[in-house]
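The lines below spell out each chain.
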Amino acid sequence: MRFRDLAAFALSALRQQKVRTMLTVIGVMVGTFTLVMSLSIGRGVDHAILSLFRDADALRKIEVRTRFETREEDVPAAAKTPTGVMSDAKRKRLEAALSKRFKGASPTELAPLTPETLLKVQGLNHVQAVQPSVSFNGKAELLGADTPEESVEVVSATPGSPDYRDRLIAGGFGEANQYNSVIVHEYLLYRWGFEGDDVGAAIGRKIRIKSEFRRSAAPSLLAILKHSEAHLSDDDLESIRSFLTRLKGMVPFLPISVSERTAATKLFQNLRLSPPKDNFENFEDEFTISGVVRQFMDGDPNPPNPNAWRLHHAEVIMPPQAAASIYLRTTWARDHGFENAVVTVDDEAHVKSVAKELEKLGLYASSLAQIIDTVRMNLLLITIATTFVAVVALTVAALGITNTMIMSVLERTREIGIIKALGARNGQIQAIFLIEGVLIGLLGGLLGLALAYLASFPGDRIAKAIMEPQTHTPIPGSIFIFPAWLVLGAPLIACLITTLAAVYPARRASRVDPITSLRHE
Amino acid sequence: MVQSPAIEVVDLVKVYGGGVHPVPVLRGVSFALQPGERVALLGKSGSGKSTLLNLLGGLDRPTSGKISVAGQELSALDPHQQAAYRLSTVGMIFQSYNLIGSRTALENVELPMIFAGRPAGERRETARLALESVGLAHRIEHRPNQLSGGEHQRVAIARALVNRPTVLLADEPTGNLDSSTAQEILALLSVHLERHGTTLVMVTHDEDLATRAATRIVRMQDGLVVG
């Protein structure tokens, strides 16, 4: 018997029960639809996340900060040795508790982000660039104009960075003479009298930026006690003053007796704490305006780069070298380095290994790539869960098919008996029912796939309407992706499940006894 | 030259429902039929004639004994060969015709050829000719519910003979027909059997029909051949 004839048998059986066939096909269609939608949106969202961050080059960036941490070996033995007689197990537990408390109370800066550290970072394999981020407050004065000084926030940015690039309304950082160029905010120009739309007129004008950095204060009273009284420096004095000022405010809350509290209050009443005269370090420099950015508005592209948000508020954007050279003139910065820096890695694939290296250097490294890995893992879990639901839906449809086909076998018992008496083999009868299963699966699978494709258009609009206000960035392409494996695989899976559903009815059909079935009527 | 028998049945026993209450239906039946012979199995209900027919048709297996049809020992056939035997060696017609209601006369006649794997064009043509030869040229596209009882049986005859079987088994073929239609059907059968030299085994309880249609009568009673 030819396959075409078997298929014709199966088709004719399906045609005879149009409503029943339609209902089973709808069941498979709904199951396939759910499966395709779930996998399609899973892939689509994953793709959208990756492309969103890949466009901004954010996946190759690692933000490093100084890590405050006390290593186990740096905890003095005295600090973690419990006193008294106790069991070994308890001693071990208390040692752990004491050590943990010591570490929490006295964190150590493992590796300050000084230029030396940054050089080490630059020397790591796969590191393309290291850019310290600098931001400070200062005053800006437009030279050659009778306008007042304005308070400004100065933030560093790599020339051409997408973090500000899209808001440029005039100029930019020129290739040459970057050291002296700055980009200013349109609001600052407005304050200086550039009211019209032609902000480009400001390009080439010179501004003077002054900044004040508060001197650093040594944090520990111990440091003071180590010095003899005669050798107290300005910094030491400032530390003592700062510490005592804080302590004065804390007297009412300290866990001390009433008499001690009275004495302490009296002591502080008589203590006059005035700041030393030379508490700030001042710097000033002249810069040329080379570009103008506009106000950051809701809906503007918001690249997910570290420090990008600082640039939204900056009145002055300065190339990193210039900003760093100002910043590094302070004693604090010389000792403690930068607040953070952005490391650019040559390839996304190396982000994890570089992050590990950075942590070995004693830095705290965080990368979007690592966060996105977690997000993608969550997404994968959600997709697996929804796919599971879809497979359950398909299985329910399959059980419906089994049930329907068993009914069909019962109804067609006589017909099966006749064709057996006419010479049909058991295998051929099984094949007819299996093909019915395949046909239902194929039809339902293809319809489910088509329905999912059609639904993806409104689905995409709805998903974007929900997502875009959160990402602040238009999502490129569709949220639903139909890769070839899904287009081919979904109907195949539907077929497989419905064919499996037909196995039992098919076996039952092949076991029909022709004598019994022909006797009735 | 001695012709080998078309059908040879030796000491055939069929017992239904083994175990505690076995029901013996055939209790040692033996006979032999020559090619082209037309035999009527005559007997009352329960005499075992239909069971014998089912065994001859390869629809059932004997409890013991031997059946050879056209040189094939039936109990030696596996299910696959049994199906092939039903397909090409025997044709069957029934009292209740057993046409498939959802298929036209032509499609019903095509059925055995489908299982024989013959190509669509060829079997369509063969089925059409077969229907013509039973006088139903004008009814080929009709479904069974649009045909009379006699026409039903004509379609069944066309279907049973379309694969050119050596043996035709008929179970009360005219049992549901009025006498004149029954006459027509018997005449038609007779023409076809003669043309192809087909051996006929016909089950009936109608003595008159048996004498008219058969060249030999085998009487059965309580699972035994009695004459």
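Residues numbered from 1 in each chain as written. Chains lettered and ligands numbered in written order. Predicted model: local features only at pLDDT ≥ 70, side-chain atom pairs only at ≥ 80, totals over all residues. Heavy atoms only, no water.

J.: Account for the overall build of chain B, naming residues and giving values.
T.: When helices and strands are tallied, chain B shows seven helices and 10 strands. In chain B, which comprises 227 residues, the share counted as buried stands at 52%. Counting only contacts in chain B whose residues sit at least 6 apart along the sequence, the fraction spanning at least 24 positions is 71%. For chain B, the accessible area works out to roughly 9,600 Å², and carbon and sulfur atoms hold 51% of it. (Helix = DSSP H or I, 4+ residues; strand = E, 2+ residues; numbered from the N terminus. Buried < 20%, exposed > 50% of the residue type's maximum accessible area, 1.4 Å probe, protein only. Contact = heavy atoms within 4.5 Å. Areas by Shrake-Rupley, 256 points an atom, 1.4 Å probe, with all protein chains shown as cover.)

J.: If you had to explain the environment of His47(A) to someone new, which residues and values would you point to?
T.: All names here are of chain A. Residue position: His-47 is located in helix H2 (residues 18-55). You can call His-47 partly exposed: its relative accessible area is 44%. In the structure, His-47 is positioned 432 residues away from Ile-479 in sequence and 8.1 Å away in space, judged by C-alpha atoms.

J.: Can you tell me about the nonpolar core, naming the residues and giving the values?
T.: Formed by 140 residues in total, the largest nonpolar core has its most connected members in Ile62(A), Leu358(A) and Ile7(B). Element by element, the count of residues in this core is highest for H2(A), at 12 residues. Residue assignment places this core across two domains, with domain 1 (3-57 + 373-518) and domain 3 (109-368) of chain A each supplying three or more. Sequence-distant contacts of Leu358(A), that is, excluding residues within four places in its chain, are made with Ile62(A), Val64(A), Val121(A), Leu124(A), Val343(A), Leu363(A) and Ala365(A). (Core = buried A, V, L, I, M, F, W, Y, C linked by side-chain atoms within 4.5 Å. Domains from an automatic or database assignment.)

J.: Any chance you could break down the packing of helix H14 (residues 368-411) of chain A against helix H16 (residues 426-471) of chain A for me, citing the residues and the numbers?
T.: All names here are of chain A. Remark: H14 packs on H16, axes separated minimally by 12 Å, with the N-to-C direction vectors making an angle of 140°. Considering the angle they form, H14 stands oblique to H16. For the pair H14 and H16, the sense of crossing is right-handed. Of the residues in H16, those touching H14 at Ile-401, Met-405, Ser-408 and Val-409 are Phe-433, Glu-436, Gly-437 and Ile-440. Residue composition of the contact of H14 with H16, by class: five nonpolar, two polar and one charged. (Axes fitted to C-alpha atoms, helices over the stretch in contact; angles between N-to-C directions. Parallel < 35°, antiparallel > 145°, perpendicular 65-115°, else oblique. Left-handed = near helix turned anticlockwise from the far one by under 90°. Nonpolar A, V, L, I, M, F, W, Y, C, P; charged D, E, K, R; others polar.)

J.: How would you summarise the pattern of salt bridges if you had to cite specific residues and measurements?
T.: Counted according to the given criterion, the structure contains 26 salt bridges over all chains. Two residues, Glu411(A) and Arg20(A), come together in a salt bridge whose shortest N-O distance is 2.7 Å. Separated by 391 residues along the polypeptide, Glu411(A) in helix H14 and Arg20(A) in helix H2 bring together distant segments of the chain. Arg65(A) is paired through a salt bridge with Glu63(A); the nearest N and O atoms lie 3.3 Å apart. Classification of Glu63(A) as buried rests on a relative accessible area of 14%. If you follow the salt bridges from partner to partner, you end up with Asp5(A), Glu110(B), Arg123(B) and Arg124(B) in one network. (Salt bridge = Lys/Arg side-chain N within 4 Å of Asp/Glu carboxyl O.)

J.: Tell me about the sheet that holds strand S1 (residues 61-66) of chain A, residues and numbers included.
T.: Residues and elements named next belong to chain A. Strand order in the open sheet formed by four strands is S2-S10-S1-S11, with antiparallel pairing between adjacent strands. In the strand order of this sheet, the two ends are held by strand S2 (127-133) and strand S11 (363-367), each with one partner. On average, each strand axis in the sheet is inclined to that of its neighbour by 25°, with strand direction left out of account. Sheet topology note: the S1/S11 ladder contains five bridges and is antiparallel. In the sheet register, Glu-63 faces S11, and the bridge partner there is Ser-366. Contacts from helix H4 (residues 115-122) reach S2, strand S10 (340-345) and S11 within the one sheet, and its direction differs from that of S2 by about 160°. Contacts between helix H13 (residues 351-360) and the sheet are confined to S1, S2, S10 and S11, with S11 contributing the most and set at about 160° to the helix. (Pairing = 2+ DSSP bridges.)

J.: Go over H13(A) with me, naming the residues and quoting the values.
T.: Residue and element names in this part refer to chain A. Those residues of H13 lying buried are Val-351, Val-354, Ala-355 and Leu-358. Looking straight down H13, one finds that the buried residues subtend no more than 105° of arc, so they occupy a single side. With respect to the buried face of H13, the exposed residues turned more than 90 degrees away are Lys-352, Lys-356 and Lys-360. Its buried side turned inward, H13 meets S1, H4, S2, S10, S11 and H14. Just downstream of H13 lies Gly-362, where phi reads positive at about 90°. (Arc of directions from axis to C-beta.)

J.: Give me the lowdown on empty space enclosed by the protein, citing residues and values where you can.
T.: Leftover empty space is mapped by rolling, across the atoms, a probe with the size of a water molecule. All names here are of chain A. In total, this model carries six cavities of 30 Å³ or more according to the counting rule given. What the largest cavity holds in volume is close to 120 Å³. Leu-14, Arg-20, Thr-404, Ser-408 and Glu-436 are the residues nearest the centre of the largest cavity, which is lined by 13 residues in total. The set of elements that each furnish at least two residues to the lining of the largest cavity consists of helix H1 (3-16), H2, H14 and H16. Across the lining of the largest cavity, the residue classes tally to five nonpolar, five polar and three charged. (1 Å grid on protein atoms, 1.4 Å probe; cavity = no way out; pocket = protein on both sides within 12 Å on 5 of 7 lines; lining within 4 Å. Points joined across faces, edges and corners; volume = space filled by probe spheres on them.)

J.: I'd like a rundown of the packing of aromatic side chains, residues and numbers included.
T.: Residues and elements named next belong to chain A. In total, this model carries five aromatic pairs over all chains according to the counting rule given. Measuring from ring centre to ring centre gives 5.2 Å for Tyr-453 and Phe-457, while their planes differ by 85°; the resulting arrangement is edge-to-face. Here Tyr-453 pairs with Phe-457, and both are found in helix H16, just four residues apart, close to one helical turn. In this structure Tyr-453 comes out as partly exposed when scored by relative accessible area, which is 44%. Using a relative accessible area of 43% as the deciding quantity, one classes Phe-457 as partly exposed. Three or more aromatic residues link up through ring pairs in this structure, and these residues are Tyr-453, Phe-457 and Phe-482. (Phe/Tyr/Trp six-rings, centres within 6.5 Å; stacked < 30°, edge-to-face > 60°.)

J.: Pulling in residues and values, what's your account of a nonpolar patch on the surface?
T.: All names here are of chain A. The grouping of Val-19, Met-22, Leu-23, Ile-26 and Val-30 at the surface amounts to a nonpolar patch, some 460 Å² of accessible area in total. Tracing the sequence through the fold places Ile-26 in helix H2. By relative accessible area, which is 35% here, Ile-26 ends up partly exposed. (Patch = residues over 30% accessible without salt bridge, like charges linked within 9 Å, V, L, I, M, F, W, Y side chains within 5 Å.)

J.: I'd like a description of the interface of chain B and chain A, backed by residues and values.
T.: By a widely used convention, the size of an interface equals the accessible area lost when the partners come together. In this assembly, 23 residues from chain B lie in contact with 21 residues from chain A. Carbon and sulfur atoms supply 59% of the area that chain B and chain A bury against each other, a total of about 2,100 Å² over both sides. Joining chain B to chain A, the criterion identifies one salt bridge. A salt bridge links Arg123(B) to Asp5(A); the nearest nitrogen and oxygen atoms lie 2.8 Å apart. For the interface between chain B and chain A, the tally reads six residue pairs in polar contact (both at pLDDT 80 or more). When contributions to the side of chain B that touches chain A are tallied by element, the ones reaching two or more residues are helix H2 (79-88) and helix H3 (105-115) of chain B. Of the residues contributing to the side of chain B that touches chain A, the split by class is 11 nonpolar, six polar and six charged. (Buried area = accessible area lost by both parts, 1.4 Å probe. Polar contact = N/O pair within 3.5 Å; in protein donor to acceptor, adjacent residues only side chain to side chain.)

J.: Would you mind going over the layout of surface pockets in detail, with residue names and values included?
T.: Computed from the structure, the largest pocket encloses a volume of approximately 660 Å³. Taken together, 26 residues line the largest pocket, and the ones lying closest to its centre are Arg519(A), Ser50(B), Asn54(B), Gln95(B) and Asp171(B). Only helix H18 (514-519) of chain A together with strand S2 (23-33) and helix H1 (49-56) of chain B provide two or more residues apiece to the lining of the largest pocket. Here the lining of the largest pocket gets four residues from one element, more than from any other, and that element is H1(B). Looking at the lining of the largest pocket, its residues break down into eight nonpolar, 13 polar and five charged.

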